[in-house]
Amino acid sequence: MKIRPKVKSLKPLHTVTRQPGTATPYLATTSHTFCPKSYPLLSRPDLLLTFGVSPVSECHHQPETLPCYTAMDSNHQSNYKLNKTEKKFLRKQIKARHTLLRHEGIETVSYATQSLVVANGGLGNGVSRNQLLPVLETCGPVDALLMPPNKPYSFVSYKTAEESKKAYVTLNGKEIVDDLGQKIILYFNFVEKAQWKELGLQALPPGLMVVEEIISSEDEKMLLESINWTEDTGNQNVQKSLKHRRVKHFGYEFHYENNNVDRGKPLPGGLPDICDSILEKWLKEGHIKHKPDQLTVNQYEPGHGIPAHIDTHSAFEDEIVSLSLGSEVVMDFKHPDGITVPVMLPCRSLLVMTGESRYLWTHGITPRKFDTVQASKGHKSGIITSDVGDLTLSKRGIRTSFTFRKVRQTPCNCSYPLVCDSQMKATPPSFPESKREASQLEQEYVHRVYEEIAGHFSSTRHTPWPHVVEFLKALPHGSLVADVGCGNGKYLGINKELYMIGCDRSQSLVDICRERHFQAFVCDALAVPIRGGACDACVSIAVIHHFATAERRVAALQELVRLLRPGGKALVYVWAMEQEYNKKKSKYLRENRMSQGKEEEVSSDTPGPELLVEQLPDTGHKEPACRMPSISDFQEGGRNSREVTNSKLPVHTNRTSFHSQDVLVPWHLKGNPGKDKPAEPFGPGGSHDPSPVFHRFYHVFREGELEAACQTLSNVRVLRSYYDQGNWCVILEKV
């Protein structure tokens, strides 16, 4: 968000003589008050006066007369303008206030308080507590410094308002240099109180243990020196240079193309001799239960990481241990329900994963050069808490991990069959090659699923999207509007001046609409029983991406157009493959929910009741860039099916980027499923998981694909096409 306010003209006020110790004028929330003492860059009263500015009353910075200025809107045009540097400073100052209000709901104030928000002074843009605190303390004792994780700002509270005012005056516009040598300019605004909503207490994932100082610094040095990163000639182990790290395998090679090992082809030489005595000691002390026969050594440069993953069940036994050498790091563990637990792994510590933490939770390392860690010296390993008063940054060094595993010789029979490759009762469905197969796929992985999850789904769909609301409220009073795929009807009551009717394929969702006294009925979006040309407008929010082929998606668009009268408009939302657009992650990828079981809707069709957490970018095996879709792709003979036939549909990992357009997205059902038998991921079979998992089919749209599909329709023009928080959207008009 870029806010570029323009000072049209400035209303002259009056000059005052300042007395020491009196109140200081500050930025107002409605008009812009510019004080040279508060803005060190604006130290040219001659320029401001010629621009039409006169001093503001109640400004008493110094005994001498020093004008402050208030910008007022008018039609008067001046021949003089602020210079580029001064304009940039003002824009940044105002942008900080608007960003805080828009994204965090925290409003700055125009009067002095004991608390300030420090824009650009946050952990999210590389400023550590050790860097910022000394700067703030030059103006007086700091009562509290709150640094929320991953945010580009912080909050500071002083003992008195006078000290806070001093910081506002002297530090606004101050330039500091971060650990990477980058220059950062700080911008200050007053807030009523420095506070931050913190996450509840977290616990380590079940079965996870971190043992500190498991080896001596001497053993650490020997282990690091034992790894020769030059190419081997004896072929006793396998070395690879992956995209973001160097890897060596001992005992067995781990094949990344299928995430498994070849049990019949052990590597000669086994594990390095230096590891034998260390492993024997761990066995004797009870840290491990089995002696490993496979070792993977990874070397990470600062800024590198590894995507979230679960070690293949069928490949390795229950116990997986990893030794951290050279540098500490924060590893993120994520439950399928979305709970993320950041865990500090100190240098020379041993991570032990068994049971649930090994089989059910993903683990990975976010690629970054700094980790958010506890500032208190006594804290070494374990969970990184959400205490924003005790967080800082730790610069990563070169880290080498020794991950020991024991190769499994029999199928896995763990207690997590829904995520166990050995216990899958059936394979995922293939991409449909005919209309009949497409219909069957939608019936099983869209219609049936929504019927099962309707109650839980409805409880997570309560916040209307602003642009959809804007579209509906802009329609003329008395318009007849059809919401095709209305779900629980959250848009049916947005504008009381409209005649709205909803329809959905799910009987259970339509029943919820009726309970809310909305008019809705059951039908298929390909055949809506409304007379053609009867509607003034239609909306289709998060529906068309559930159709399995390009032809069926175009047919759904054509049905919307059929319902419209000439001049009628339709708004269409579909899920985007590009969950990172214009260098910004969508809310689906980046936001956090404060507590489990509370859903904030962050896309037109958020795919599950999960915590909204920042995910690890997938650093390997991404799909190659594809060309932009064209009209011919949706016409006869075009790309109406995948180039690779008989391919299985991949199961998407929630809150991560998409790497395939046609995917199955998990929904973790909470509470009573409402049916006698639990859900299975693929086909029938028993489940021990108290939280059933369903899978919904999605075709996520690439940039330009929705527009191209619309352009195949007759008597239609695209009025607007835009991207909205992970969705591609169009507004159509029937001509």
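Above this text you will find the structure in question.
Residues numbered from 1 in each chain as written. Predicted model: local features only at pLDDT ≥ 70, side-chain atom pairs only at ≥ 80, totals over all residues. Heavy atoms only, no water.

J.: Got a minute to help me understand empty space enclosed by the protein in this structure?
T.: Any empty space left between atoms is shown by rolling a water-sized probe over those atoms. As enumerated under the stated definition, the model contains five cavities of 30 Å³ or more in all. Estimates place the volume of the largest cavity at around 510 Å³. What lines the largest cavity is a set of 30 residues, and nearest its centre among them are Gly485, Asp504, Ala542, Val543 and His546. Mapped onto the lining of the largest cavity, the elements with two or more residues apiece are α8 (435-459), β26 (480-484) and β27 (499-504). It is α8 that provides the largest number of residues to the lining of the largest cavity, a total of five residues. For the lining of the largest cavity, the class distribution of residues is 14 nonpolar, seven polar and nine charged. (1 Å grid on protein atoms, 1.4 Å probe; cavity = no way out; pocket = protein on both sides within 12 Å on 5 of 7 lines; lining within 4 Å. Points joined across faces, edges and corners; volume = space filled by probe spheres on them. Helix = DSSP H or I, 4+ residues; strand = E, 2+ residues; numbered from the N terminus. Nonpolar A, V, L, I, M, F, W, Y, C, P; charged D, E, K, R; others polar.)

J.: What is the right way to look at the pattern of salt bridges in this model?
T.: For side chains of opposite charge, pairing can occur when their charged atoms come near one another. Going through the model one piece at a time under the given rule, you end up with 16 salt bridges. Here Asp143 makes a salt bridge to Lys159, at a shortest N to O gap of 3.1 Å. Of the two residues, Asp143 sits in strand β5 (residues 142-146) while Lys159 sits in the loop between β6 (153-158) and α4 (161-171), which places them 16 residues apart along the sequence. Given the relative accessible area of 47%, Asp143 is considered partly exposed. One salt bridge in this structure joins Arg405 and Asp311, with 2.8 Å as the shortest N-O distance. Of the two residues, Arg405 is situated in strand β25 (residues 399-405) and Asp311 in the loop between β16 (306-309) and β17 (320-325); the sequence distance between them amounts to 94 residues. Salt bridges linked by common partners bring Glu213, Glu220 and Arg348 together as one network. (Salt bridge = Lys/Arg side-chain N within 4 Å of Asp/Glu carboxyl O. Buried < 20%, exposed > 50% of the residue type's maximum accessible area, 1.4 Å probe, protein only.)

J.: Looking at this structure, how should I read the packing of α8 against helix α10 (residues 507-515)?
T.: Between two packed helices, both the angle of their axes relative to each other and the distance between the axes serve to describe the pair. Running from N to C, α8 and α10 cross one another at 35°; their axes reach a closest spacing of 7 Å. Residues Tyr450, Glu451, Ala454, Gly455, Phe457 and Ser458 of α8 form the contact with α10, whose own contacting residues are Gln507, Ser508, Leu509 and Ile512. In the contact of α8 with α10, the residues fall into five nonpolar, four polar and one charged. (Axes fitted to C-alpha atoms, helices over the stretch in contact; angles between N-to-C directions. Contact = heavy atoms within 4.5 Å.)

J.: Sorry if this is basic, but what is going on with the sheet that holds strand β35 (residues 716-723) here?
T.: By way of backbone hydrogen bonds, the strands of a sheet pair with one another, either parallel or antiparallel. Spatially, β28-β27-β26-β29-β30-β36-β35 is the arrangement adopted by the seven strands of the open sheet, whose pairing is mixed. Strands with a single pairing partner mark the edges of an open sheet, and in this sheet they are β28 (520-522) and β35. For this sheet the average axis-to-axis angle between neighbouring strands, irrespective of direction, equals 15°. Here six bridges tie strand β29 (residues 535-541) to strand β30 (residues 564-575), and the two strands are oriented parallel to one another. (Pairing = 2+ DSSP bridges.)

J.: Sorry if this is basic, but what is going on with the pairing of β27 here?
T.: Direction of pairing for β26 relative to β27: parallel, over a ladder of five bridges. Within β27, the residue paired with Leu480 across the bridge is Tyr499. Relative to β28, β27 runs parallel, the two being bridged by three bridges. Paired with Cys503 across the strands is Phe521, a residue of β28.

J.: What exactly am I supposed to notice about the environment of Glu580 here?
T.: As for its position among the elements, Glu580 is in strand β31 (residues 580-581). Judged by its relative accessible area of 45%, Glu580 falls in the partly exposed class. Excluding residues that lie within four positions of it along the chain, Glu580 makes contacts with Lys585 and Tyr723.

J.: When you look at the packing of aromatic side chains in this model, what are you seeing that I'm missing?
T.: Pairs of aromatic rings are described using the distance from one ring centre to the other and the angle between the two planes. The tally for this structure, following the rule as stated, stands at 16 aromatic pairs. For the ring pair Tyr573 and Tyr722, a centre distance of 6.1 Å and an interplane angle of 80° mean the geometry is edge-to-face. Of the two residues, Tyr573 sits in strand β30 while Tyr722 sits in strand β35, which places them 149 residues apart along the sequence. Like Tyr722, Tyr573 is buried. Arranged with centres 6.4 Å apart and planes meeting at 10°, the rings of Tyr588 and Phe658 form a pair that is stacked. In this pair, Tyr588 sits in helix α12 (residues 587-590) while Phe658 sits in the loop between α12 and β33 (662-668), placing the two residues 70 residues apart along the sequence. We classify Phe658 as buried; its relative accessible area is 5%. Connected via pairs of aromatic rings, a cluster forms that spans Trp575, Tyr588, Phe658 and Tyr698. The aromatic ring of Phe254 is capped on one face by Arg405, whose charged end is 5.8 Å from the ring centroid. Looking at Arg405, its charged tip hangs above the ring of Phe316, at a distance of 4.8 Å from the centre. (Phe/Tyr/Trp six-rings, centres within 6.5 Å; stacked < 30°, edge-to-face > 60°. Lys NZ or Arg CZ within 6 Å of the ring centre and 35° of its normal.)

J.: I would appreciate a short explanation of the environment of Lys734 in the present structure.
T.: Note that Lys734 resides in strand β36 (residues 727-734). A relative accessible area of 17% places Lys734 in the buried class. Ignoring anything within four residues of it in the chain, the contact list for Lys734 reads Val561, Arg562, Leu564, Arg565, Pro566, Gly567, Gly568 and Asn715.

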